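Structure assessment
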Amino acid sequence: MGCAFAQPVVVTDADGETTTPMPSFYELIANDEGTTLKTIVSITTGITSIVDMMQQFLSYWETKYKHVWNQDKDAYIRRYEKAKKPLTAFEADINKYKDVQEKIQAEETCTNMRFLRVDCGSLKQTLFAQCDAWVNKLTTLLNNLAASELRAIQDYFVSNTAALRKLPDNLDELADSVKLLQQLMDEMPQTEQRFQPVENQYLTLEKFEVSIKDEEQLLRQSLQADWEAFKACLQATEQDLERAKENFRDHLGKMVVSFVKQVADQREEFLQKAPYSGEKLSTPQALQMLKASHKQLADNREKEQELKKGMDIFNMEEPACKEMAATARDLELLDGVWGIVVEWEAAYDGRKDGQFKDLDVDSMEQSAGVYYKRIMKMGREGIKSWPIYGSIKRTIDNFRASMPLIADLRNHAMRERHWESLMEQVGERFDPHGEDFTLAKVTDLHLENYKDFIGELSSNASKELAIEASIKAIDDAWKELSLEMVPFKEGSDFYKLKTAEDIFAALVDNIVTLSTMKASRFYNVFATDINYWEKALSHVSETIEMILQVQRNWMYLENIFVGSDDIRKQLPQETGMFDDVNEMFKERMKIMKDN
């Protein structure tokens with residue numbers, strides 16, 4: 001902080017004479033450095049301390065009035081409207097901001113803080129305006145709600161009065177008018193209870209000196225008169241409707257009698273023409289008839305409902321219409337039976353053209369079982385006398401009965417001789433392995449008429465297959481059997497048959513098996529193979545026994561003639577004979593070893 005030099009001032013006394021000039025401020029303090037420093041420190045301290053005082057002053061205003069300016073008014077009012085606050089809440093909130101305005105007015109406009117003077121006039125005006133904005137938002141919302149409810153009541157009067165004044169031209173309109181009148185009369189207490197809340201809202205607006213539009217004031221003032229006029233309209237409409245009822249009652253009675261007769265006639269026609277039987281009808285024709293009957297039933301029910309509205313007006317007893325209920329029940333059951341027929345035909349059509357060898361018999365049998373359970377369950381509903389029920393049941397029963405026939409025909413044991421026998425029995429040629437041999441072909445050939453013959457043929461084929469498998473097993477076994485040849489002595493170049501126990505065991509088993517086959521009634525089918533193997537095994541048995549016998553004799557003689565020179569010299573003739581046999585035997589045994 002600095003101080004400028006002051007200019008000298010000429011001072012004159014009363015007489016106009018010049019006197020000694022007064023010293024400047026600088027001259028006064030320049031020579032007192034200590035006092036100057038103290039003054040500077042005092043000024044600095046005062047400025048620093050007033051900052052804290054000012055901060056406290058601002059905090060006071062912010063803490064006390066921040067809620068006035070810190071909220072989004074439009075968003076708050078939207079939430080306020082959505083919450084459907086009661087009138088008391090409106091009054092409390094409006095009064096709250098009025099009270100805040102009074103508190104703001106009571107605040108001091110100017111405040112002194114040491115050397116600083118704070119003017120709060122603009123702040124108070126701004127806060128006061130914010131409170132006015134809050135009050136305006138709340139009163140505007142309240143006014144809108146009151147006006148909306150007032151117009152809704154007036155619209156209620158106008159729209160319903162117009163509806164009541166329209167005289168009914170038919171039963172439907174009469175029923176609607178009676179229903180509307182009763183509804184409006186039931187609503188009268190609730191309607192009247194809507195008036196006072198609206199009036200209270202307007203009284204609150206007047207309390208806070210809110211200007212109300214002239215249009216709203218007129219609606220408000222005429223509300224009670226409009227209500228009395230509306231009640232008078234209700235009474236007049238009630239009398240008009242009573243007169244209209246008398247005019248419609250006789251006409252309605254005739255319509256009911258005509259409707260009951262029409263339903264009875266339609267029932268008789270339904271019993272005669274409905275697809276209870278499928279003998280002269282294709283499935284599409286039956287379904288078309290059911291569709292037409294359903295439409296007729298729907299039309300009757302719609303007509304019944306129309307008449308019921310009128311009968312409710314006059315408290316008339318409703319006719320039983322048992323015929324319509326019976327038709328509805330029959331239609332439901334016919335839908336079920338013909339539905340099974342449609343599904344069955346679709347399933348059969350999907351299988352009939354497939355190759356017979358590819359048929360899944362288990363799946364077909366399972367599917368037929370499901371259809372059988374369904375049709376039997378429907379039979380418990382009292383429809384066993386219907387021809388269509390008996391027809392589809394017989395079809396399913398026949399198909400289920402044909403399952404063993406199909407299984408027999410698909411027996412893998414069936415050979416050409418069996419098929420030839422079947423074709424001879426049927427009297428017609430066919431290729432059981434061809435692409436045209438399908439389920440439909442089996443049906444066309446009427447093979448179900450030969451099911452006993454086919455069953456026996458299939459059973460015989462299975463038994464013959466067992467014999468065939470046994471013969472093949474014998475053949476396969478002998479292809480694997482071999483003679484075990486070993487050197488006669490270690491280091492020798494000729495061989496002997498070591499053992500034939502496995503071969504003899506196989507011979508015994510196979511011979512017994514063949515003997516059993518010969519005792520079977522199917523022996524003639526395999527006679528050639530059985531006889532062949534009997535002879536072959538007998539020959540093998542004799543040959544091996546002969547080899548073993550010769551081998552024993554040779555081994556005995558070999559020990560005599562080969563091991564001793566003296567014997568060879570003593571028996572030269574026998575030795576020569578042995579040598580010939582010996583060479584031949586060794587050669588044969590080597591051949592056996594090589595093979």
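The paragraphs below set out a description of the structure included in this document. Remember, it's a predicted structure, so these values are computed and weren't measured experimentally.

**Considerations on the pairing of strand E4 (residues 116-119)**
Relative to E4, strand E3 (residues 110-113) runs antiparallel, the two being bridged by 4 bridges. In the strand pairing of E4, Cys110 is matched with Asp119. Counting the residues between successive antiparallel strands, the hairpin from E3 to E4 contains 2 residues, one of them, Arg114, with a positive phi of roughly 55 degrees.

**Quick look at the pattern of salt bridges**
Summed over the entire model, instances satisfying the criterion amount to 21 salt bridges. We note a salt bridge from Arg243 to Asp240, for which the minimum N-O separation is 2.2 Å. Here Arg243 and its partner Asp240 are both found in helix H9 (residues 214-273), 3 residues apart, which amounts to about one turn of the helix. Residue Glu269 is joined to Lys273 by a salt bridge in which the shortest nitrogen-to-oxygen separation is 3.5 Å. Taken together, the residues span about one helical turn, with Glu269 and Lys273 both in helix H9 at a distance of 4 residues. The exposure class assigned to Glu269 is partly exposed, which follows from its relative accessible area of 38%. Taking the relative accessible area as the measure of exposure, Lys273 reaches 52% and is therefore exposed. Counted as one network, the salt bridges with shared partners bring together Glu199, Glu206 and Arg220.

**With respect to the side chain of Asn160**
Note on placement: Asn160 falls in helix H5 (residues 121-165). Every residue in contact with Asn160, bar those within four places of it in the chain, is listed here: Leu180, Leu184 and Phe230.

**Looking at the nonpolar core**
Counting residues in hydrophobic clusters, the biggest one holds 110 residues, and the most contacted among them are Leu174 and Leu409. Top contributing element to this core by residue count: H5, with 14 residues. Apart from residues lying up to four places away in sequence, Leu174 is in contact with Pro168, Leu241, Ala244, Lys245, Phe248, Ile313 and Phe314.

**Digging into unusual backbone geometry**
Backbone geometry at Lys84 places phi at a positive 55 degrees, although glycine is not the residue there. The residue Lys84 is located in the loop between helix H3 (73-82) and helix H4 (87-106) in this model. Since its relative accessible area comes to 71%, Lys84 is described here as exposed. Residues other than glycine seldom take positive phi values, yet Glu209 does so here, at roughly 60 degrees. If you trace the backbone, Glu209 turns up in the loop between helix H8 (195-207) and H9.

**Comments concerning the packing of aromatic side chains**
Taken as a whole and judged by the stated rule, the model has 20 aromatic pairs. On the basis of an interplanar angle of 40 degrees and a centroid distance of 5.5 Å, the ring pair of Trp61 and Tyr65 is categorised as tilted. Here Tyr65 and Trp61 lie together in helix H2 (residues 33-69), a separation of 4 residues that amounts to about one turn. Using a relative accessible area of 5% as the deciding quantity, one classes Trp61 as buried. Linked through ring pairs, Tyr76, Tyr80, Phe90, Tyr97 and Trp134 together constitute an aromatic cluster. In this structure, Lys85 packs its charged tip against the face of Tyr80, placed 5.7 Å from the ring centre.

Rules behind the numbers
- Residues numbered from 1 in each chain as written.
- Predicted model: local features only at pLDDT ≥ 70, side-chain atom pairs only at ≥ 80, totals over all residues.
- Heavy atoms only, no water.
- Pairing = 2+ DSSP bridges.
- Helix = DSSP H or I, 4+ residues; strand = E, 2+ residues; numbered from the N terminus.
- Salt bridge = Lys/Arg side-chain N within 4 Å of Asp/Glu carboxyl O.
- Buried < 20%, exposed > 50% of the residue type's maximum accessible area, 1.4 Å probe, protein only.
- Contact = heavy atoms within 4.5 Å.
- Core = buried A, V, L, I, M, F, W, Y, C linked by side-chain atoms within 4.5 Å.
- Phe/Tyr/Trp six-rings, centres within 6.5 Å; stacked < 30°, edge-to-face > 60°.
- Lys NZ or Arg CZ within 6 Å of the ring centre and 35° of its normal.

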